[in-house]
Amino acid sequence: MKRPKLAPSRGRRAALRGAVALTAGLGLAVATSGPAHAVPIRLDYPLTGSTHLEGTGSDLALGPGVLKVTADLKAGTLLADTVLPPAPGSFKMIGAIPVSVTTEFIETEPTTGTIDLKTGTVKTTTELTLRLKDLRVAGIPTPVGSSCRTEVPAVLDLTSEPGFNALKGGTLSGSYTIPKFEHCLLATPLINMIIPGDGNTVRLHMGQPAPPPAS
């Protein structure tokens, strides 16, 4: 008696489609020559992670979001849109006064990067404006207006960690400097005394990719 074949789950089907698309792209990159034959590959990677803010000594959870990647495997380059939800966080000012604030990470330019087809190493550069809202100091709402943001974008240079696999995902990590903030009303001097500076770190985990949803 033959056993009935079970249909693969939706997640497994998506992962399989992603693997087929990427494998096909790799095959085309190897089998063809000349820039006219390069076929960009579009994949969406689930994105989660965390960032450590040196100025406040606190961590922010990032995601769940998505990294929408378009890769040119022949040229070894990629472009991506980084989409992350607002990140609520808290810390203690002067070691005693509780402060809570929500940070938005707004991509100002598409992420650019390179893919080393021999080693699998991925390097990316992302420019993000940090916008603050819902600031509370000692539980008291502190107005910052609707345009409290960094004067210029923060630049995140990330590199894939060992074990990264374009078919399965992996972790990107790096460090960045937070620029000074502007347009935060009376809270601007306080914010610029605490948050901006270098030594901030970030780790982003890219899950198994899948083709983008059909439009």
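It should be noted that the structure appears before, not after, this text.
Note that the structure is a prediction, hence the values are computed from the model and not measured. (Residues numbered from 1 in each chain as written. Predicted model: local features only at pLDDT ≥ 70, side-chain atom pairs only at ≥ 80, totals over all residues. Heavy atoms only, no water.)

K.L.:
Lay out the overall build of the protein in plain terms, naming residues and giving numbers.
P.N.:
Tallying secondary structure elements over the protein gives 2 helices and 12 strands in all. Starting at the N terminus and walking to the C terminus, you meet the elements of the protein as α-β-β-β-β-β-β-β-β-β-β-β-α-β. Each of the 215 residues in the protein was classed as buried or not, and the buried ones make up 39%. Expressed as a percentage of contacts within the protein between residues at least 6 apart in sequence, the contacts between residues at least 24 apart total 63%. Here the protein has roughly 12,200 Å² of accessible surface; of this, 60% comes from carbon and sulfur atoms. (Helix = DSSP H or I, 4+ residues; strand = E, 2+ residues; numbered from the N terminus. Buried < 20%, exposed > 50% of the residue type's maximum accessible area, 1.4 Å probe, protein only. Contact = heavy atoms within 4.5 Å. Areas by Shrake-Rupley, 256 points an atom, 1.4 Å probe, with all protein chains shown as cover.)

K.L.:
How would you sum up the environment of proline 46? Please name residues and give values.
P.N.:
Tracing the chain through its elements places proline 46 in strand β1 (residues 41-53). Residue classification places proline 46 among the partly exposed residues on the basis of a relative accessible area of 42%. Distance in space between the C-alpha atoms of proline 46 and valine 66 is 4.6 Å, their sequence separation being 20 residues. The contact partners of proline 46, leaving out residues within four places of it in the chain, are Gly65, His205, Met206, Gly207 and Gln208.

K.L.:
For the side chain of asparagine 192, give the residues involved together with the corresponding values.
P.N.:
Within the element layout of this structure, asparagine 192 appears in helix α2 (residues 188-194). Residue classification places asparagine 192 among the buried positions, given a relative accessible area of 19%. Setting aside residues up to four positions removed in sequence, asparagine 192 forms contacts with Lys180 and Phe181.

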